[in-house]
Every structure is written in C-alpha cells, then in structure tokens.
Amino acid sequence: MKIVVIGTGYVGLVTGTCFAEVGIDVVCIDVDTKKIENLKKGIMPIYEPGLEEMVIRNAEKGRLQFSTSLKDNLTEADVAFIAVGTPPGEDGSADLKYVIAVAREIGQGINEHIVVVTKSTVPVGTANKVRNAVQEELNKRSSNIDFDVASNPEFLKEGAAIDDFLKPDRIVVGVESRRAEEVMRKLYKPFLLNGHPIIFMDVPSAEMTKYAANAMLATKISFMNDVANLCEIMGADVNMVRKGIGSDPRIGNRFIYPGIGYGGSCFPKDVKALIKTAAENGYNMRILNAVEEVNDAQKSVLFNKISKHFNGVMKGKNFAVWGLSFKPKTDDMREAPSLVIIEKLLAAGANVKAYDPVAMHEAKKDLGEQIEYSKDMNDAIIDADALLIITEWPEFRTPNFKVMGKLMKNKLVFDGRNIYDIGEMKENGFDYYCIGINTTK
Ligand SMILES: NC(=O)c1ccc[n+]([C@@H]2O[C@H](COP(=O)([O-])OP(=O)(O)OC[C@H]3O[C@@H](n4cnc5c(N)ncnc54)[C@H](O)[C@@H]3O)[C@@H](O)[C@H]2O)c1
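Residues numbered from 1 in each chain as written. Predicted model: local features only at pLDDT ≥ 70, side-chain atom pairs only at ≥ 80, totals over all residues. Heavy atoms only, no water.

1. Some thoughts on the overall build of the protein
For step 1, the next point in the chain: Summing up its helical and strand segments, the protein has 17 helices and 14 strands in all.
For step 2, the next point in the chain: Whereas a compact globule of 441 residues would reach a radius of gyration of roughly 22 Å, the protein reaches 24 Å, a difference of no more than 12%.
For step 3, the next point in the chain: Dimensions along the principal axes, computed over C-alpha positions, put the protein at roughly 75 × 50 × 40 Å.
For step 4, the next point in the chain: Here the protein, with 441 residues, has 55% of them falling under the buried criterion.
For step 5, the next point in the chain: Summing over all exposed atoms, the protein offers an accessible surface of approximately 19,800 Å²; the carbon and sulfur share of this is 50%.
For step 6, the next point in the chain: Distance between charge centres in the protein, computed from 55 positive and 60 negative side chains, equals 2 Å. (Helix = DSSP H or I, 4+ residues; strand = E, 2+ residues; numbered from the N terminus. Rg over C-alpha atoms; globule rule 2.2 N^0.38 Å. Buried < 20%, exposed > 50% of the residue type's maximum accessible area, 1.4 Å probe, protein only. Areas by Shrake-Rupley, 256 points an atom, 1.4 Å probe, with all protein chains shown as cover. Lys, Arg positive; Asp, Glu negative; His and termini not counted. Charge placed at Lys NZ, Arg CZ, Asp CG, Glu CD.)

2. With respect to the pattern of salt bridges
For step 1, the next point in the chain: Scanning the entire structure with this criterion turns up 25 salt bridges.
For step 2, the next point in the chain: Among the salt bridges present, the one from E176 reaches R131, with a minimum N-O distance of 2.6 Å. In this pair, E176 is assigned in the loop between β7 (171-174) and α7 (178-188) and R131 in helix α5 (residues 126-140), connecting sequence segments 45 residues apart.
For step 3, the next point in the chain: Notably, a salt bridge pairs R417 with E392, separated by 3.5 Å at the nearest N-O pair. Taken as a pair, R417 in the loop between β13 (412-415) and α17 (422-427) and E392 in the loop between β12 (386-389) and α16 (401-407) lie far apart in primary sequence, 25 residues in all.
For step 4, the next point in the chain: Here R417 falls in the buried class, since its relative accessible area comes to 17%.
For step 5, the next point in the chain: A relative accessible area of 22% places E392 in the partly exposed class.
For step 6, the next point in the chain: A network of salt bridges, in which partner residues are shared, links R104, E136, E137 and K140. (Salt bridge = Lys/Arg side-chain N within 4 Å of Asp/Glu carboxyl O.)

3. Section: the site of the ligand
For step 1, the next point in the chain: In the vicinity of the ligand there are 25 residues, among which D30, K35, T86, E158 and K269 approach most closely.
For step 2, the next point in the chain: T121 has a polar backbone atom sitting 2.9 Å from an oxygen atom of the ligand.
For step 3, the next point in the chain: Considered on its own, the ligand offers 840 Å² of accessible surface; in the complex 88% of this is hidden by protein.
For step 4, the next point in the chain: For the shell around the ligand, the residue count by class is 10 nonpolar, 8 polar and 7 charged.
For step 5, the next point in the chain: Both of domain 1 (2-201) and domain 2 (211-297) provide at least three residues apiece to the shell around the ligand. (Near = heavy atom within 4 Å. Polar contact = N/O pair within 3.5 Å; in protein donor to acceptor, adjacent residues only side chain to side chain. Nonpolar A, V, L, I, M, F, W, Y, C, P; charged D, E, K, R; others polar. Domains from an automatic or database assignment.)

4. Comments concerning unusual backbone geometry
For step 1, the next point in the chain: The backbone phi angle of K329 is positive, close to 65°, even though this residue is not glycine.
For step 2, the next point in the chain: You can see K329 is positioned in the loop between β9 (318-322) and α13 (337-347).
For step 3, the next point in the chain: Classification of K329 by relative accessible area gives partly exposed; the value is 42%.
For step 4, the next point in the chain: Not every positive phi belongs to a glycine, and N418 is a case in point at roughly 50°.
For step 5, the next point in the chain: With respect to the secondary-structure elements, N418 resides in the loop between β13 and α17.
For step 6, the next point in the chain: A residue is classified by how much of its surface remains accessible, and N418, at 15% relative accessible area, is buried.

5. Here we look at a nonpolar patch on the surface
For step 1, the next point in the chain: A surface patch of nonpolar side chains, amounting to about 370 Å² of accessible area, comprises L230, I233 and M234.
For step 2, the next point in the chain: Within the secondary structure, L230 sits in helix α8 (residues 203-234).
For step 3, the next point in the chain: You can call L230 partly exposed: its relative accessible area is 48%. (Patch = residues over 30% accessible without salt bridge, like charges linked within 9 Å, V, L, I, M, F, W, Y side chains within 5 Å.)

6. Some remarks on the sheet that holds strand β10 (residues 351-355)
For step 1, the next point in the chain: Taken in spatial order, the 6 strands line up as β11-β10-β9-β12-β13-β14 in an open sheet, and their pairing is parallel. Strands with a single pairing partner mark the edges of an open sheet, and in this sheet they are β11 (372-373) and β14 (431-433).
For step 2, the next point in the chain: Two strands pair when backbone bridges link them, and β13 and β14 are joined in this way by 3 bridges, in the parallel orientation. Bridging across to β14, L412 finds its partner in D431.
For step 3, the next point in the chain: Against the sheet, α13 engages β9, β10 and β12, with an angle of about 155° to β10. (Pairing = 2+ DSSP bridges. Contact = heavy atoms within 4.5 Å. Axes fitted to C-alpha atoms, helices over the stretch in contact; angles between N-to-C directions.)

7. Looking at the packing of aromatic side chains
For step 1, the next point in the chain: Counting across every chain of the model gives 16 aromatic pairs.
For step 2, the next point in the chain: Ring geometry for F414 and Y433: centres 4.7 Å apart, planes at 10°, overall stacked. Here the residue F414 occupies a position in strand β13, and Y433 occupies one in strand β14, the gap between them amounting to 19 residues. Residues F414 and Y433 agree in their burial class; the two are buried.
For step 3, the next point in the chain: An aromatic cluster of at least three residues, connected via ring pairs, comprises F19, F81, F165, Y188 and F191. (Phe/Tyr/Trp six-rings, centres within 6.5 Å; stacked < 30°, edge-to-face > 60°.)

8. Digging into the pairing of strand β1 (residues 2-6)
For step 1, the next point in the chain: Across the 5 residues of β1, 5 count as buried, placing the element largely inside the fold.
For step 2, the next point in the chain: Both β1 and strand β4 (residues 79-82) contribute to a ladder of 4 bridges, which runs parallel. Within β4, the position partnered with I3 by the bridge is V79.

9. Some words on the environment of G259
For step 1, the next point in the chain: Tracing the sequence through the fold places G259 in the loop between α9 (238-246) and α10 (267-280).
For step 2, the next point in the chain: Separated by 117 residues in the primary sequence, G259 and D376 place their C-alpha atoms 24 Å from one another.
For step 3, the next point in the chain: Sequence-distant contacts of G259, defined by excluding residues within four places in its chain, comprise N225, Q298, G416, R417 and I435.

Below you can see the structure in the form of structure tokens.
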C-alpha cells in the first residue's frame, strides 16, 4: 500500500513513520521547506522518544520519504491523511484553513480513487467541507474521479507517541462507504494483531469522539485541581484523596493528579473548540466552561503561593525553574503553564533561571533572553531564593537535597507537581509548598 501524509508535525511525522515501520510506502509532505530538508538529512523537527532512529531506519529502507510537493506524490496513493494544524481562531473555533487548503490540493492532483482521511482534530461537519473542497476542484477539471472521505482522529500522547501509535488502545474510523472501510481496515491490520479494536462508525461520530475524549480528560484534571484547592482550605491531603478515589475502578487512577493546569497543543484548543461548536449550535457546554475557568485559575496557583510567601515582594529575587515543557518527555511549549508563571515572576521584577532537559530551545522562542537558561539542574539553583518544579521530568524526582541545600540561597521549594515527600523535605530543612496540601501548618 502507499499513503501520503500531509502535514509533518507531531501527528503527521509519527503517523507516517509508524506506517512505514510496518512496511507501507509513505511520503510525508509539508509546506515547511526547512523541515523537509532537515528530515531528509535525519534532523528531527521535534523531540519525541524513539522517533529519530525509526525515521532514519525507514528512510534508509526507502519506505519513508519526505517532500514539499503533494501533487508529485499522489499517484498510486491509496490514502491521503490530512494531519495539518487546526489552531484556535480568534473566537476559539478550530481554524480549518489548512485542512481545506490541503483538500483543494488533493482535488487538483488526484488521477485515481483515493480515500481522503482527516487525522487532524476537526469539528463535526469538517469531512463534508473536505468532500466539497475536493469535489469543487475536480469539477473545475471536469473530472469525475471517485474518492472517499473518512475521519480517523489521532489519540497519541506526546512523549509516548510511538508506543501509542504502534500499540493503540483503539482506532476510531468514521467512514461512509464499504470501500473506505476496507482500505482503512487493511491499512491498520498490522497494529491490530494484539487484539486492539478498530471501531468503525459514521463520520460525525468519529469527529466528535476526539473532542469528547480530550474534553473528558481535561475535565478530570480540572475536577481534581478544584478538589485539591478545597483540600488545602479544609486541611485534607489531596494525595491521599487521589489514592482513595483512584482505587475505585469506576474512577480510575489516571488523569487525577493535581497540578498547575493542563497545557499543550490539544486540551486547551480542543476544549475551546467544543465549547464554540456547541454555542454555534445553540447549546451551552456548562461543564466545559467551568473546566476552562478552573484551568486558567490553576495556572496562577503556584505564583500566588510564591507571592504570599514573599509578601508580594519578588523584585530582585532569584527563582530557579525546573521544567519548561507542558509535560515531560516532549519539547512542546504550546500553552505550557511554565510560560504563565514565568511571565508573572518577570512582571514582579524577579530573575528567573531555568533548566529543562529538552525544551529550552523551544522555550527561547517564547521567552527569549528575558530569563537565563542553565546547563543542568544544579546550575539553575545556584544562589536561588526558591526553586519551582513546573514539569515532572523523571530526573527531578530524586535530587540530592543536601547538595541542593548548599547551592541555594534559601531552602525553599514550590512544587507544582507534588513530586516530593513532605516529611523528607522537612527532614532536609526545606520549606516546601505543593498543590492540594497545606504544608505551612
Ligand atoms: N500534537 C498532538 O499531540 C496531537 C494529538 C492528536 C491530535 N492532534 C491534532 O493533529 C493535528 C496536527 O497537530 P500537530 O501537533 O501535529 O501540528 P503541528 O503544528 O506540529 O504540525 C502541522 C504541520 O502541518 C504543516 N502544514 C500546514 N499547512 C500545510 C499544507 N497546506 N500542506 C502541507 N503541510 C502543511 C505545518 O507546516 C506543520 O509542519 C491538529 O489538528 C491537532 O489537534 C495533535
């Protein structure tokens, strides 16, 4: 089989590479010439564990190719995956201009049947728009080539994307024809050998499934953050509460860790887009409005603790920050809570020195030279008045507290991810703040 994947970002590159890994001929297309040139040289545009070696291996075998031209690569392709970005427009709705532009290009370029599959996260009704755009271009060419549209939302997690793609919990595909279903079943067969389900449904349901999944996960996070804030007021320990409720299989223990708010390229924009879709159709997503409100407030919770500790006087103080990316094992800085907290510290006149294992080059694009970037964890805390834990990278979990105490000006830690033990921090003489537990009593 042959496929083209249009948009070679997180989703497109992982998708294309994993399909090549199981023997399918793949061409990954992108309008970003530099990205494509780099990929041809084996230089990755993103940090994703395991991706680089898989890209290089499959490119060497000739199964994975990169190009800036969609037109030149449509011939004999069974499927065209659209995996371009769908960023929020000014009103919060998903901006479909890249998706539709690609659909038009497909309509201009195809010469035989193809299944046009939307992998980007798109609102219900987008497949219709894609179909219309392809058809309009065919009409301009007075062509009657047959094609199918399908929706195949992607559920991979950044930081574990390869594993998620190769061993998916489930694959969701919205189709309108038997032919499209057969093509998609054949394409995904190698990933289903372990019994993972492929769930076929109508296209609108598939489009909605992706938003409902992300909105549900965002809801779990905001719910737990709300509970954490109340725990602090009431003298309960949210870590205990989390274990207590997570052991109930109806609730489950994933996505109920309190923190400093969700970020990343998906949850914030997808929650916004779903609220907007509902509003446009006369429905008010009351829960999701609250989810967003809680999340926005949660991004300030750590700063508020810092401000309270320093009686509002942070001017000239040195803050070390461990972790910048929105979550571990990625360099993705989109909507990262670190940005909100650092901007607040800078506005208060503080100095910030940060360390992140992989995201500093990305963070620089947002923060520039307003902060200092450290070569390692210990360098960041030299002379620090306080340390902030923003991203729970594994290497931050078991630091040498004795060494830390010697390097820092104050033994003071604000932990936005609850990775340390309160007793151990006390034993080592640290003042310690975390989320959902009042540690000042
Ligand atoms: N990142 C994730 O974890 C994730 C997970 C699931 C779903 N998604 C969804 O997948 C979609 C893509 O997300 P992403 O994070 O991979 O985006 P991204 O920004 O990393 O990549 C998008 C790519 O599309 C390219 N592009 C734009 N217009 C193009 C065109 N006309 N032709 C060819 N290439 C074009 C861009 O240059 C860019 O490289 C979004 O809808 C997103 O919501 C993302």
